[in-house]
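Residue-level structure breakdown
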Amino acid sequence: MRKQLKRFIDQMEPNSIAIIPAAHEATRSYDTEYKFRQDSDFMYLTGFPEPDAVAVIDPRSKKPFTLYVRPRDLEMETWFGRREGVEGAVKNYKADKSQPIEKFASDLAKLLDGHDILYYRFALDKPLDRLILRYLSNQRMRRLKTAYPPHTIIDPTVIIGDMRLHKTPDEVELMQKAATISAEAHILAMKKTKPGMNEFQVESLIEAYMREQGASGVAYNSIIGGGDNATILHYVENNRPLKDGDLLLIDAGAEYQGYAADITRTFPINGNFTPAQREVYDIVLDVQEKCIDYTKTGNTVKGRQEYSIELLTEGMKKLGLLKGKTEDLIKKKAYMKYYMHGVGHYLGMDVHDAGRYFTDQTAKNSRPFAPGMVLTVEPGLYIPPDDRSAPAKYRGIGIRIEDDVLVTKDGNLNLTAKVPKDPDEIEALMQTKSRRAGR
Ligand code: GLY
Ligand code: MN
Ligand code: MN
């Protein structure tokens, strides 16, 4: 059995059972599908990569791990790809037992009856929800007879989220790989970007490099925003020409063996920052470096957010974007006009990864950083192009700098440190021979 599954079982309540579904394929249009991406929790526990499977985990059974899977089917496999089938599920994925998925519905009562607690996450998989609700309703009706349905239902992500939040050394290795591929892709983009190119050409450079290095693809849709497109937080059209004198914001990360990287860099399209761009850039960079230092054991997620707000509010005052006492500006949330997102998030299999941000029910006590957590650090300043209250020279400038940081025992490790962010270093990199030769 996979280590993760064993650790999950160790944390399950006595006399409980868990049902964890795989993802399904999703229609893109008519009869074509999006590229399949396995559900992260299911992948984490089972490692099984196919759609339409269900894991049943019953710790008190001699064979605790049953995988219901798509059975082998030569015709289907000829059209749509190989399947492990029940044999492969046991042989290659260490299931104690495997059954064709078609049997799952009729097995449900046999599987669940006699357990006090069911671990199941409702509202992810509607057809499976219906099946489980129908089972519960039927068996509750039959309670005077022989049925004994679980009386308590627990969301398994309470356990799985916490496990996923604290990365094992094996996971860190995969995350470092995702981070390195992504970092190199960003470096490539810095070297190759020139005025007159289109955003989609930079997108293609970055994504081709990631794939070429063995990433399954991007961990989220790349944001390639030239000029004031950088002030649109989730700009993904990526189809405008890149102008001489503008900045380019790239937020792009690879997914490698199920793990995400998430990097943002902002650099001048022609290789040289204007003085105004550099003024804003220096402030964001200083805040980013301070917030990276802050991301260590003992500090909290919420503390870091407040710290970033304080520093950026000071920075906005320095630039003349805000006027007044820092304390009042923070109280009024004046900074929201130019800094409207969080300073970072957990990173792992999902780009916005699993795990709770609070340690209590009131959502007041923020979680302290602990070794093994990976978080992004991504402050930004976005000055709308039509913001008449901002000094004219800053209008339309959007800057974010984002790295991926692993909390360690005595500090932290920046997994994405390889991509330059010092403005002088960026300018030096962009003056490389290959760029001057126009290659
Ligand atoms: N790329 C998504 C994020 O930075 O959160
Ligand atoms: Mn991020
Ligand atoms: Mn990002």
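Anything mentioned here points back to the structure above.
Residues numbered from 1 in each chain as written. Chains lettered and ligands numbered in written order. Predicted model: local features only at pLDDT ≥ 70, side-chain atom pairs only at ≥ 80, totals over all residues. Heavy atoms only, no water.

Looking at the metal site, the manganese ion (ligand 3) is ligated by Asp 251 (OD), Asp 251 (OD), Asp 262 (OD) and Glu 402 (OE), spaced 2.1 to 2.3 Å from it. Here the manganese ion (ligand 3) binds six donor atoms, and the angle range of 57 to 169 degrees at the metal identifies the geometry as irregular. Counting the intervening residues between successive donors of the manganese ion (ligand 3) yields the motif D-x10-D-x139-E. In this structure, the manganese ion (ligand 3) lies 3.3 Å from the manganese ion (ligand 2), and both are coordinated by Asp 262. Taken together, the residues Asp 262 in the loop between β13 (259–260) and β14 (263–268) and Glu 402 in the loop between β17 (398–400) and β18 (403–408) connect sequence positions 140 residues apart. Exposure class is identical for Asp 262 and Glu 402. Each is buried. (Donors = N, O, S within 2.8 Å, 3.2 Å for Na, K, Ca; no water. Tetrahedral: all angles 85-135°; square planar, octahedral: opposite > 155°, others 65-115°. Helix = DSSP H or I, 4+ residues; strand = E, 2+ residues; numbered from the N terminus. Buried < 20%, exposed > 50% of the residue type's maximum accessible area, 1.4 Å probe, protein only.)

Taken together, Tyr 220, Asp 251, Asp 262, His 345, His 352, Glu 378 and Glu 402 make up the full set of residues adjacent to ligand 1. Asp 262 places a side-chain nitrogen or oxygen 3.1 Å from an oxygen atom of ligand 1. Protein chains shield 86% of the accessible area of ligand 1, which is 190 Å² for the free molecule. One can see that ligand 1 is located within the second largest pocket. Residues that form the shell around ligand 1 fall into these classes: one nonpolar, two polar and four charged. (Near = heavy atom within 4 Å. Polar contact = N/O pair within 3.5 Å; in protein donor to acceptor, adjacent residues only side chain to side chain. Areas by Shrake-Rupley, 256 points an atom, 1.4 Å probe, with all protein chains shown as cover. 1 Å grid on protein atoms, 1.4 Å probe; cavity = no way out; pocket = protein on both sides within 12 Å on 5 of 7 lines; lining within 4 Å. Sits in = over half its atoms within 2 Å of the grid points. Nonpolar A, V, L, I, M, F, W, Y, C, P; charged D, E, K, R; others polar.)

It is possible for side chains of opposite charge to pair when their charged atoms get near one another. Scanning all chains against the criterion turns up 24 salt bridges. Here Glu 77 ties to Arg 72 by a salt bridge, and the two come within 2.8 Å at their closest N and O atoms. Overall, Glu 77 belongs to the buried group, its relative accessible area being 12%. Residue classification places Arg 72 among the partly exposed positions, given a relative accessible area of 47%. (Salt bridge = Lys/Arg side-chain N within 4 Å of Asp/Glu carboxyl O.)

This brings us to the packing of aromatic side chains. The way to describe two aromatic rings as a pair is by their centre distance and the angle between their planes. A full pass over the atoms with the stated rule returns eight aromatic pairs. Centroid distance Phe 8 to Tyr 119: 6.2 Å. Interplanar angle 70 degrees. Geometry classified as edge-to-face. With Phe 8 in helix α1 (residues 3–11) and Tyr 119 in strand β7 (residues 117–119), the pair connects residues that are 111 residues apart, well separated along the chain. Under the relative-accessibility criterion, Phe 8 is labelled buried at 0%. By relative accessible area, which is 2% here, Tyr 119 ends up buried. Note on Tyr 68 and Phe 104: the rings are 5.2 Å apart at their centroids and 75 degrees apart in plane angle, and the pair reads as edge-to-face. Of the two residues, Tyr 68 sits in strand β5 (residues 65–69) while Phe 104 sits in helix α5 (residues 104–112), which places them 36 residues apart along the sequence. In this structure, Tyr 68 and Phe 104 share a single accessibility class: buried. (Phe/Tyr/Trp six-rings, centres within 6.5 Å; stacked < 30°, edge-to-face > 60°.)

Together, Met 76, Trp 79 and Phe 80 line one region of the surface with nonpolar side chains, adding up to about 410 Å² of accessible area. Looking at the secondary structure, you find Met 76 in helix α3 (residues 74–80). (Patch = residues over 30% accessible without salt bridge, like charges linked within 9 Å, V, L, I, M, F, W, Y side chains within 5 Å.)

The next thing to look at is empty space enclosed by the protein. Enumeration according to the criterion identifies one cavity of 30 Å³ or more in this entry. By volume, the largest cavity is sized at about 70 Å³. Looking at the lining of the largest cavity, the elements that each hand over two or more residues are β1 (16–21) and α7 (157–165). Looking at the lining of the largest cavity element by element, the count peaks at three residues for β1. Considered class by class, the residues forming the lining of the largest cavity number six nonpolar, one polar and three charged. (Points joined across faces, edges and corners; volume = space filled by probe spheres on them.)

This brings us to the coordination of the manganese ion (ligand 2). The protein atoms that coordinate the manganese ion (ligand 2) are Asp 262 (OD), His 345 (NE2), Glu 378 (OE) and Glu 402 (OE), at distances of 2.0 to 2.2 Å. Each of the six donor atoms bound to the manganese ion (ligand 2) contributes to angles spanning 51 to 156 degrees, and the resulting shape is irregular. Mapped onto the sequence, the donors of the manganese ion (ligand 2) take the spacing D-x82-H-x32-E-x23-E.

This part takes up the sheet that holds strand β12 (residues 254–256). Reading across from one edge, β9-β12-β13 is the order of the three strands in this open sheet, with antiparallel pairing throughout. In this open sheet, the two edge strands, each paired with only one partner strand, are β9 (217–218) and β13. The sheet contact formed by β9 and β12 spans two bridges and is antiparallel. Residue pairing in the sheet places Gly 217 in a bridge with Glu 255 of β12. Sheet strands touched by helix α8 (residues 169–192): β12 and β13. Its angle to β12, the strand with the most contacts, is close to 145 degrees. (Pairing = 2+ DSSP bridges. Contact = heavy atoms within 4.5 Å. Axes fitted to C-alpha atoms, helices over the stretch in contact; angles between N-to-C directions.)

By themselves, these figures tell us nothing about what the structure is for.
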